[in-house]
Amino acid sequence: MRRASLCATLIALAVTTPALAGEPPITSTVFLADRQATADIALTGPAAGMNWLSPDNEISRLRLQGFWFRTAQMESEANIGQLQLTGQAVSDTNPGTDNRPDTLALQYTGPGFTIEPTWKLRGSSHGGQASVVELIQINNTSRTAPLVISFFQYSNFVLSIGAAPADTSQIHGTVNNTATQSGNVGFLSETVVTPSPSRWSAGDANTLLNQLNDGSSTTLDNATLFGPGNAAWAYQWDFTIPAGGSVLISKTKQLVPTPGAALPLAAGLVLIGRRRRR
Ligand SMILES: [Ca+2]
Ligand SMILES: [Ca+2]
């Protein structure tokens, strides 16, 4: 937490004091809104990332979209929420349309590098879609040494309702830079504008997440289709960033509910949450 003045603009931010040794990790969440769409982003801990995305502020269609990394000095991947959070700001980029904060910028600092993700949420007045534009800048802050780093994005949307998960995830495009996930209640498409990913995987949500948390080095398997099932997908970028240099990942995603999607009627639904927040 850098400056108390930033807090004045936060709609919802739970801040706890820095954890002492042996205490549970700090958990804090930023809430973004634009028209009917809402998003939550958890800032710290091993499951940091966007964990709520809803076109209508009713049902989240996202369980987690988070970022992991592994430098040449590391034996396994870690969530960026396990780094020190050194910068945080929310802003309103369309005050004439909706004057609530819709954009979050963060900075995490590790040994010889910083990672700076930014999310900008856009919704619609009728709840028909939620779009997010994301930029992730990775800076090598060393003056002498290159930074060898693999950066991962894990994405687990939940777009089907029924007795069992029945989502399909797929990687598309000649440079594998578009991912889709679909089910009987919605469709998600994400395109990496630049740079194209080095590796990718469409797979089972738990299997992919375990690969990033299993304490060993992981290289994604380039699978391009999974499902129907508990589908998710992941991207991997392998970078060597020269001393003082930076890379910028730019991507955009759009979440669209299926028009007239059936409301939950039976037990055993796969819905991950339902809440009204305003
Ligand atoms: Ca706004
Ligand atoms: Ca691993």
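Just so you know, these numbers come straight off a predicted model, no measurement behind them.

### Description of the overall build of the protein
Consideration 1: When helices and strands are tallied, the protein shows two helices and 17 strands.
Consideration 2: Counting the 278 residues in the protein, one finds 40% classified as buried.
Consideration 3: Pairs at least 24 residues apart make up 61% of the contacts formed inside the protein by residues separated by at least 6 positions.

### Considering the nonpolar core
Consideration 1: In this structure, Leu32, Ala39, Phe152, Tyr154 and Ala234 are the most contacted members of the largest nonpolar core, which totals 58 residues.
Consideration 2: Beyond its immediate chain neighbours, meaning those up to four positions away, Tyr154 contacts Leu64, Gln65, Gly66, Trp68, Leu208, Leu209, Leu212, Ala232 and Ala234.

### A closer look at the environment of Ile41
Consideration 1: Position of Ile41 relative to the elements: it lies in strand β2 (residues 37–42).
Consideration 2: We classify Ile41 as buried; it has 24 C-beta atoms within 10 Å.
Consideration 3: Separated by 11 residues in sequence, Ile41 and Trp52 place their C-alpha atoms 7.2 Å apart.
Consideration 4: Ignoring sequence-local partners within four residues, the contact set of Ile41 consists of Thr29, Val30, Gly49, Met50, Leu104 and Trp119.

### Concerning the confidence of the model for the protein
Consideration 1: Looking at the protein as a whole, its pLDDT mean stands at 88, while 83% of the residues score no less than 70.
Consideration 2: Considering only residues more than four positions removed or in separate chains, one finds that residues 262–272, a stretch of pLDDT under 50, has 15 contacts.

### Comments concerning helix α2 (residues 205–213)
Consideration 1: Of the positions making up α2, those classed as buried are Ala205, Leu208, Leu209, Gln211 and Leu212. Taken down its axis, α2 places every buried residue within 150° of arc, on the same side. Among the exposed residues of α2, those pointing more than 90 degrees away from its buried face are Asn206, Thr207 and Asn210.
Consideration 2: Considering only its buried residues, α2 is in contact with β4 (62–71), β10 (147–157), β14 (199–204) and β16 (231–241).

### Some words on the pairing of strand β1 (residues 29–34)
Consideration 1: Across the six residues that make up β1, a large majority, five, are buried.
Consideration 2: Sheet topology note: the β1/β2 ladder contains six bridges and is antiparallel. Bridge assignment links Phe31 to a residue of β2, and that residue is Asp40.
Consideration 3: Remark: two residues form the turn of the hairpin made by β1 and β2, two consecutive strands paired antiparallel; Arg35 in that turn has positive phi of roughly 50°.

### Some details on the sheet that holds strand β6 (residues 84–91)
Consideration 1: Taken in spatial order, the nine strands line up as β6-β7-β8-β9-β17-β13-β12-β11-β15 in an open sheet, and their pairing is antiparallel. The two strands at the open ends of the sheet, each matched to only one other strand, are β6 and β15 (225–229). Within the sheet, the average angular offset between the axes of one strand and its neighbour, ignoring direction, is 15°.
Consideration 2: Note: strand β12 (residues 178–183) against strand β13 (residues 186–194), six bridges, orientation antiparallel. Note on β13: the bridge partner recorded for Thr178 is Thr191.

How each quantity is defined
- Residues numbered from 1 in each chain as written.
- Chains lettered and ligands numbered in written order.
- Predicted model: local features only at pLDDT ≥ 70, side-chain atom pairs only at ≥ 80, totals over all residues.
- Helix = DSSP H or I, 4+ residues; strand = E, 2+ residues; numbered from the N terminus.
- Buried ≥ 20, exposed ≤ 12 C-beta atoms within 10 Å, placed from the backbone.
- Contact = placed C-beta atoms within 7 Å.
- Core = buried A, V, L, I, M, F, W, Y, C linked by C-beta atoms within 7 Å.
- pLDDT = per-residue confidence, 0-100.
- Arc of directions from axis to C-beta.
- Pairing = 2+ DSSP bridges.
- Axes fitted to C-alpha atoms, helices over the stretch in contact; angles between N-to-C directions.

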